[in-house]
Amino acid sequence: MSSGTAREPKLELHQRVRVGDLLGPAFAWVTAAIVAAACLFIVGFLVVKGYQAVTWAFLSTDPQPSLVEESAGGVRIPIAGTFLLIVLSTLVTLPLSLGTAIYLAEYMDEESRLSKTIRLGLEVLAGVPSVVFGMFGLALFSLPIFTFMSSSGAEGASAAFGRSFLVSSVVMAIHILPFVIKVMEEAIRAVPDSYRLGSTALGVTKWRTIVRVVLPAASPGLATAVILGMGLAAGDTAIVWLTLGGTMTMAVDQWWEVQNYVEVLRGSGSTLTTFIYFSSPAGEGNAPNLAYGGAFVLMAIVGGLNTLAVLVGRRSSSDRNSEI
């Protein structure tokens, strides 16, 4: 009797463990399937709706003010504005993020108060909504001291307009900065310590070791960070709307000519996100097919950047395995 009663709790505990082992993976698979199905539905819906509107005329013509969808033009200016904003924000982000990542990974003491403060600041910065960045940038760069970054406002030459590609790129760079820093830091930390020790044993200074050994070894991961940042910059709407201006055109008509580059950078402009808003019935237009077409083009750009990041990451892993 005593042996039988002693076995019953053990059997019940064993059954509970087996049930938990079954429910845990099942819950993980179900939730993953729900998320994947939602993503596939959104992507498939945009592909089906947007693919029909993407033609050569749609890609090679500029938006036109019209109440008729058939004569509303295309996305040539929004595509050019999107790539211009991506390039400018990347140029601002790259040196700041790389320098910060090097400092955090190679020089910073993890237990120091300064290190904890910097990491807390980056986490807070990453959690701030993009609309807050846009409002802050508009308020800051509208000050008279920043007139050189945008055209003069309605109040005269002493007031800045606060909306331009230069302003938007700076604000966008601050928005994507914590994400790029995090990925770059992880890429630098992933470099084996044997690389650093071997270079130090040869009498090379720490800074030259970082520049000549660590950064080249971490270059695929650094490139992945930059590409992911470019994807974030391409898909943002609030910052573009507030700091670039709600317009469908460039500041000058002949925006592609070299002599107009400075005026284009200091003027308002259009991106694919503003085009989608203006064209959709949810915004200020009544051209849903054009909005779907713009969304399809934007999704293709962001998807291409993410695919490039995956390929660079796989190349990094394969190179590292071959070295081992």
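In this numbering scheme, every chain counts its residues from 1 along its sequence in written order. This being a predicted model, a pLDDT of at least 70 is required before a residue's local features are given, and a value of 80 or more before pairs of side-chain atoms are given or counted; all residues contribute to the totals for chains, interfaces and linings. Each side-chain value is worked out from all heavy atoms of the structure, with water and hydrogens disregarded.

K.L.:
What is the right way to read helix α6 (residues 165-189) from this model?
P.N.:
Note that an α-helix has 3.6 residues per turn; residues three or four places apart therefore point the same way. Helix numbers and strand numbers start at the N terminus; a helix is a DSSP run of H or I with at least 4 residues, a strand a run of E with at least 2. Helices are assigned an expected span. That span is 1.5 Å times one less than the residue count. Between its first and last C-alpha, α6 extends 34 Å over 25 residues, near the 36 Å set by a 1.5 Å rise per residue. In the structure, α6 departs most strongly from a straight axis at Ile176, where the bend amounts to approximately 45° and where the proline Pro178 lies between one and four residues downstream. A residue's bend is given by the angle between axes fitted to the 7 residues ending at it and the 7 residues starting at it.

K.L.:
Looking at this structure, how should I read the nonpolar core?
P.N.:
The tendency in soluble globular proteins is for nonpolar side chains to be buried side by side. In these notes, a set of buried Ala, Val, Leu, Ile, Met, Phe, Trp, Tyr and Cys residues joined through side-chain atoms within 4.5 Å is what counts as a nonpolar core. When accessible area is computed with a 1.4 Å probe and restricted to protein chains, residues below 20% of their type maximum are described as buried, those above 50% as exposed, and intermediate ones as partly exposed. Counting 23 residues, the largest nonpolar core has Phe58, Val75, Leu272, Phe275, Leu290, Val297 and Leu298 as its most contacted members. Among the elements of the structure, α3 (76-107), α8 (206-235), α11 (272-279) and α12 (288-323) are those that each provide at least two residues to this core. With 10 residues, α12 is the largest single contributor of residues to this core. Whether two residues are in contact is decided by their heavy atoms: any pair within 4.5 Å suffices. Not counting residues up to four positions away in its chain, the partners in contact with Val75 are Phe58, Leu59, Thr61, Leu272 and Phe275.

K.L.:
It is not clear to me how the packing of helix α4 (residues 113-127) against α6 should be interpreted in this structure. Could you clarify?
P.N.:
Packed helix pairs are specified by the crossing angle of their axes together with the interaxial distance, meaning the distance between the axes. For helices, the fitted line uses only the C-alpha atoms of the stretch in contact; every axis is such a line through C-alpha atoms, and the angle between N-to-C directions lies from 0 to 180 degrees. It is at 8 Å that the axes of α4 and α6 come closest, and there the two elements cross at 130°. Put simply, α4 runs oblique to α6. Crossing of α4 against α6: the hand is left-handed. For the pair formed by α4 and α6, the contact residues are Arg119, Leu122, Leu125 and Ala126 on the first element and Ile174, Pro178, Phe179, Ile181, Glu185 and Arg189 on the second. Along the lines of polarity and charge, the residues of the contact of α4 with α6 split into seven nonpolar, no polar and three charged. Working definition: roughly parallel below 35 degrees, roughly antiparallel above 145 degrees, roughly perpendicular at 65 to 115 degrees, and oblique for all remaining angles. Should the near helix be turned counterclockwise from the far one by less than a right angle, the crossing is left-handed, whereas a clockwise turn marks it as right-handed. Note on residue classes: Ala, Val, Leu, Ile, Met, Phe, Trp, Tyr, Cys and Pro are nonpolar, Asp, Glu, Lys and Arg are charged, and everything else, Gly too, is polar.

K.L.:
Explain the side chain of Ser199 here, please?
P.N.:
By secondary structure assignment, the location of Ser199 is in helix α7 (residues 193-201). According to the relative accessible area criterion, Ser199 is buried, its value standing at 7%. Residues contacting Ser199, with those up to four places away along its chain left out, are Val204, Thr209 and Val213.

K.L.:
Looking at this structure, I do not really get the side chain of Thr82. What am I missing?
P.N.:
With respect to the element layout, Thr82 can be found in helix α3. Relative accessible area serves as the criterion here: at 2%, Thr82 is assigned to the buried category. Residues adjacent in sequence count toward polar contacts only when both atoms are side-chain atoms; beyond that, a polar contact is any pair of N or O atoms within 3.5 Å, and within protein one must be able to donate a hydrogen and the other to accept it. A polar contact of 2.8 Å, which involves the side chain of Thr82, links it to the backbone oxygen of Pro78. When near neighbours in sequence (up to four residues on either side) are disregarded, Thr82 contacts Ala234, Ser270, Thr271 and Leu272.

K.L.:
How should I be thinking about the packing of helix α5 (residues 130-141) against α6 in this particular structure?
P.N.:
Running from N to C, α5 and α6 point in directions that differ by 140°, and their axes come no closer than 10 Å. Between α5 and α6, the angle falls in the class oblique. Helix-helix and strand crossings are classified by hand; for α5 and α6 the assignment is right-handed. Residues Ser130, Phe133, Gly134, Gly137 and Phe141 of α5 touch α6, and the partners they reach there are Val167, Val170, Val171, Ile174 and His175. For the contact of α5 with α6, the class distribution of residues is six nonpolar, four polar and no charged.

K.L.:
What is the right way to read the pattern of salt bridges from this model?
P.N.:
Where charged atoms from two side chains of opposite charge approach closely, those side chains can pair. We define a salt bridge as a contact between a side-chain nitrogen of Lys or Arg and a carboxyl oxygen of Asp or Glu at a distance within 4 Å. This structure, assessed with the given rule, holds seven salt bridges. Note that Arg196 is salt-bridged to Glu106, the shortest N-O span being 2.8 Å. Taken as a pair, Arg196 in helix α7 and Glu106 in helix α3 lie far apart in primary sequence, 90 residues in all. This pair shows no difference in class: Arg196 is buried, exactly as Glu106 is. Between Arg189 and Glu185 there is a salt bridge, and its shortest N-O distance comes to 3.1 Å. Placement of both Arg189 and Glu185 in helix α6 is noted, with a separation of four residues, approximately one turn of the helix. Note on Glu185: relative accessible area 3%, which makes it buried. Each of Glu106, Asp193, Arg196 and Lys206 takes part in one network of salt bridges that share partners.

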